Amino acid sequence: MVKKNAVIEIFGADVVCASCVNAPSSKDTFEWLQAAISRKYPEQPFTIEYIDIDSTLSNKRHEEIAEQIQNDEYFYPLVMINEEMIGEGHIQLKPVFASLEKLGYVAEAK
């Protein structure tokens, strides 16, 4: 049983991160994670949002994170789950899934 609805945020930009050669774009990462999480944890609710760091942001926390990325404190895409950073740059599924399972998500048996 899911204990808490995960809020997944992917911070990124249209331009691929210069330090992330051969990595998927931020939007590709967003779509890939959305599909992978839906497949692994069907019928378990989560919210996923793409935040464009180059757009005008009205959320103060989003603004601060976008500024940190633009100041090269983090690479993008940056993935956060319930405001905890899970990965940056080249994103991998294992830490994303581990974070979700800590929240009570259960992988569907194959």
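An unreviewed UniProt entry annotates the chain as Disulfide oxidoreductase of Sporosarcina ureilytica.

K.L.:
Is there a simple way to explain the nonpolar core in this structure?
P.N.:
Soluble globular proteins: nonpolar side chains tend toward being buried together. I8, I37, V96 and L100 are the most contacted members of the largest nonpolar core, which has 20 residues in total. Of all the secondary-structure elements, those providing two or more residues to this core are β1 (6–12), α1 (26–40), β2 (46–52), β3 (78–81) and α3 (93–102). Among the elements that make up this core, the one with the highest residue count is α1 (four residues). Every residue in contact with L100, bar those within four places of it in the chain, is listed here: A6, I8, I37, Y41, I81 and Y105. One finds F11, I51, I65 and M80 within the second-largest nonpolar core, a separate group that totals 11 residues.

K.L.:
Any chance you could explain the side chain of D52 here in plain terms?
P.N.:
Inspection of the secondary structure assignment puts D52 in strand β2. Despite its burial, D52 pairs with no opposite charge, the nearest such side chain being K27 at 5.4 Å. Only 2.8 Å separates the side chain of D52 from the backbone nitrogen of D54, close enough to count as a polar contact. Once residues within four sequence positions are removed from consideration, D52 is found in contact with G12, A13, D14 and L57.

K.L.:
Would you take a moment to explain α1 for this structure?
P.N.:
End to end, α1 covers 21 Å across 15 residues, agreeing with the expected 21 Å (1.5 Å per residue, within 8%). Listed as buried for α1 are S26, T29, F30, L33, A36 and I37. In a view along the axis of α1, the buried residues occupy a sector of 140 degrees, so they form one face of it. If you follow the buried residues of α1, they end up packed against β1, β2, β3 and α3.

K.L.:
Explain the pattern of salt bridges to me, please; I cannot follow it from the model alone.
P.N.:
Two side chains that carry opposite charge are able to pair once their charged atoms sit near each other. Scanning the entire structure with this criterion turns up three salt bridges. D14 is the partner of K27 in a salt bridge, and the nearest nitrogen-oxygen pair spans 3.4 Å. Of the two residues, K27 sits in helix α1 while D14 sits in the loop between β1 and α1, which places them 13 residues apart along the sequence. Overall, the relative accessible area of 54% leaves D14 in the exposed class. In this structure, E83 and R61 form a salt bridge, with 3.5 Å as the shortest nitrogen-oxygen distance. Of this pair, E83 sits in the loop between β3 and β4 (84–88) while R61 is found in helix α2 (residues 60–70), placing the two residues 22 residues apart along the sequence. Exposure remark for E83: the relative accessible area of 56% places this residue in the exposed category.

Criteria and cut-off values
Residues numbered from 1 in each chain as written. Predicted model: local features only at pLDDT ≥ 70, side-chain atom pairs only at ≥ 80, totals over all residues. Heavy atoms only, no water. Core = buried A, V, L, I, M, F, W, Y, C linked by side-chain atoms within 4.5 Å. Buried < 20%, exposed > 50% of the residue type's maximum accessible area, 1.4 Å probe, protein only. Helix = DSSP H or I, 4+ residues; strand = E, 2+ residues; numbered from the N terminus. Contact = heavy atoms within 4.5 Å. Lys, Arg positive; Asp, Glu negative; His and termini not counted. Salt bridge = Lys/Arg side-chain N within 4 Å of Asp/Glu carboxyl O. Polar contact = N/O pair within 3.5 Å; in protein donor to acceptor, adjacent residues only side chain to side chain. Expected span 1.5 Å × (residues − 1). Arc of directions from axis to C-beta.

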